[in-house]
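Chain and residue survey
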Amino acid sequence: MGKSIPLDEGVDVLVILGFAMILAFMALIMTKRLTPMVALIIVPTVFGLFAGAGLGLGDMIVDALKDLAPTAALLMFAIMFFGIMIDVGLFDPLIRFIVRFLGDDPAKVVLGTALLAGAVSLDGDGSTTFIITTSAMLPIYLRLGMSPVVLTCVAGLVNGTLNIVPWGGPTARAAAALKVSPSDIFVPMLPSLAVGLVVAFALVWVLGVRERNRVGSLALSEPFATEGGGEPRRRFGVLQGGRLIRGAQAAPGARGSVDTRGIVTVRGGGAAATADTATATLAGTALDPGRPTLRPRLIWVNLALTLVVMVLLVIDVLPLAYIFMVGSALALIVNFPKLRAQADEIVAHAPSIVGVVSMVLAAGVLVGVLNGTGMVTAMAQWVVDIVPASMGPFLAVITGLLSIPMTFFMSNDAFYYGILPILSETAATYGISPVEMARASIIGQPVHLQSPLVPAILLLVSLAGVNLGDHHKKVLWRALLVSLVMLAVGVLLGAVPFG
């Protein structure tokens, strides 16, 4: 504690390079100088060479890619499976129910997004949450001219807040690293979680009201229709194709148009959203009642298959990637028995698959350089050493604060298995128990889940057609606020000791 590491030992250089690499990456994607995939490859490569990796850089990257291969396979076949289920119409009744319940009010749609994401997040798997939330809500956002960035912000914020459930990864890692019970970590943090969710939903509602003020209450109406030669009548509804009706609060000068798939594009009047059907790969046919891929007679078969897949995911008896592989294969056989139809369905989801899998594999370059050059170890040791001995009694709160940036800049494994045990061992000399340190360590999860090192968030922004930098601009400060509120509640109620 409090010991400085001399520069000639080389540790300080790695610390500087590590933090500079992360900052350079964030700056490039948030200013849109590079796409996330390109930045994930180029930035670590340059800094790895500066760190003296040389020709060994290749081995570092390959080692990291071996660890990421199962994740890439999981996301690839998860996208395919849920994409097939969307195409065949499994989620259409859910989407129609959501639309009827929420109406065409953007504020209610945003709140509905949070409720759906929160409900699905209880399974502890971010990828599943984002696939289901995006598939259900993105078509509605596009049809109402709402910004998909709002969708990713809301889903990421709510899922990150709920990421501390005991069957999720962070709490389980903290329990394993410090040899304590997950329930002993989680139960005292329930008030923090409850208040954190209240704050998150308050932020969500504000987002929804702003979106309502930006685009107004929009709806699609069918063209005039006559029945039996009578007077023409007009029917309204989000799910009924036709022209765009602009609400009274719409941005000045906004105009709407409907493409061949019935997805609205809103332009003009400020930063209105554009529904680009080329990038909205999941939403392109999600609500078209006449799409040829619909299989209404097989809805119960598809529902049963989906439930079986979800149950297997929860009980965790087989590798997740393999579950989705088999599920995708069965879904293709059941719904598209002909070879050509199967090939067409696979090709239809190729853009989504390539987008997310390429970013996951590119993240292997960043992970490989961080681990292979020793940057992660150096950064962790530096963080521990800069904490002065006089701050020892406050180590639990310090750990909570450190968990916010450090779980964003490095993987959960690196933080919980590398840094937390060192901090906990030091904290024990000041009478702070391991379980109290474990509670503090999960505070940063709302921010952690937005990290480019988290495959689920790459999946979310890819499916929604959103730039990762745009997502970060909208979500990071909100996630930081939720984390700080959770820490404050934990301190006030004694779950996290303070002094």
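Rules behind the numbers
- Residues numbered from 1 in each chain as written.
- Predicted model: local features only at pLDDT ≥ 70, side-chain atom pairs only at ≥ 80, totals over all residues.
- Heavy atoms only, no water.
- Helix = DSSP H or I, 4+ residues; strand = E, 2+ residues; numbered from the N terminus.
- Contact = heavy atoms within 4.5 Å.
- Areas by Shrake-Rupley, 256 points an atom, 1.4 Å probe, with all protein chains shown as cover.
- Expected span 1.5 Å × (residues − 1).
- Buried < 20%, exposed > 50% of the residue type's maximum accessible area, 1.4 Å probe, protein only.
- Core = buried A, V, L, I, M, F, W, Y, C linked by side-chain atoms within 4.5 Å.
- Phe/Tyr/Trp six-rings, centres within 6.5 Å; stacked < 30°, edge-to-face > 60°.
- Polar contact = N/O pair within 3.5 Å; in protein donor to acceptor, adjacent residues only side chain to side chain.
- Arc of directions from axis to C-beta.
- Salt bridge = Lys/Arg side-chain N within 4 Å of Asp/Glu carboxyl O.
- Patch = residues over 30% accessible without salt bridge, like charges linked within 9 Å, V, L, I, M, F, W, Y side chains within 5 Å.

**Notes on the overall build of the protein chain**
If you tally the helices and strands in the protein chain, you get 21 helices and four strands. Intrachain contacts of the protein chain at a sequence separation of at least 6 include 75% that bridge at least 24 residues. If you sum the accessible surface of the protein chain, you get close to 20,400 Å²; carbon and sulfur atoms cover 67% of it.

**Here we look at helix α15 (residues 375-386)**
Here α15 spans 16 Å end to end across 12 residues, near enough to the 16 Å set by a 1.5 Å rise per residue. By the burial criterion, the buried members of α15 are M375, V376, A378, M379, A380, V383, V384 and D385.

**Quick word on the nonpolar core**
In this structure, M85, M137, F324 and M375 are the most contacted members of the largest nonpolar core, which totals 150 residues. Top element by residues in this core is helix α3 (residues 57-87). It accounts for 16 residues. Look past the residues within four positions of F324 in its chain and what remains in contact with it is L74, F77, A78, F81, F82, V309 and L313.

**A word on the packing of aromatic side chains**
In this structure the tally under the stated criterion is four aromatic pairs. By way of ring pairs, the aromatic residues F19, F408 and F409 are connected into one cluster.

**Description of the side chain of N335**
Counting through the fold element by element, N335 comes out in helix α12 (residues 320-335). Accessibility expressed as a relative area gives 2% for N335, which makes it buried. For N335, the side chain forms a polar contact with the side chain of N302, separated by 2.8 Å. If near-sequence neighbours (up to four positions away) are discounted, N335 is found in contact with I84, M85, V88, R295, L298 and N302.

**Here's the deal with helix α2 (residues 36-50)**
End to end, α2 covers 21 Å across 15 residues, agreeing with the expected 21 Å (1.5 Å per residue, within 8%). Burial in α2 covers these residues: P36, A39, L40, V43, P44, F47 and G48. Buried residues along α2 cover an arc of 135° about the axis, so they all sit on one side. Taken from the residues just after α2, G52 is the one with a positive phi, measuring 90°.

**Quick notes on the pattern of salt bridges**
All told, the structure shown has three salt bridges when counted by the stated rule. Close ionic contact of R214 with E211 constitutes a salt bridge, the shortest N to O distance being 2.6 Å. Pair noted here: R214 and E211 are both in helix α10 (residues 190-215), with a separation of three residues, about one helical turn. D344 is the salt-bridge partner of R340, the closest N and O atoms lying 3.3 Å from each other. Linking R340 with D344, this pair stays in helix α13 (residues 339-348), spanning four residues, or about one helical turn. The class of R340 is exposed, set by a relative accessible area of 63%. The exposure class assigned to D344 is partly exposed, which follows from its relative accessible area of 42%.

**Looking at a nonpolar patch on the surface**
Among the surface-exposed residues, V311, I315, V317, L318, Y322, M325, V326, L330 and I333 lie close enough to one another that they form a single nonpolar patch of about 770 Å² accessible area. Sorting the residues of the nonpolar patch by element identifies α11 (299-315) and α12 as the ones contributing at least two each. With five residues, the top contributor of residues to the nonpolar patch is α12.

As far as function goes, none of this settles anything; it's purely spatial.
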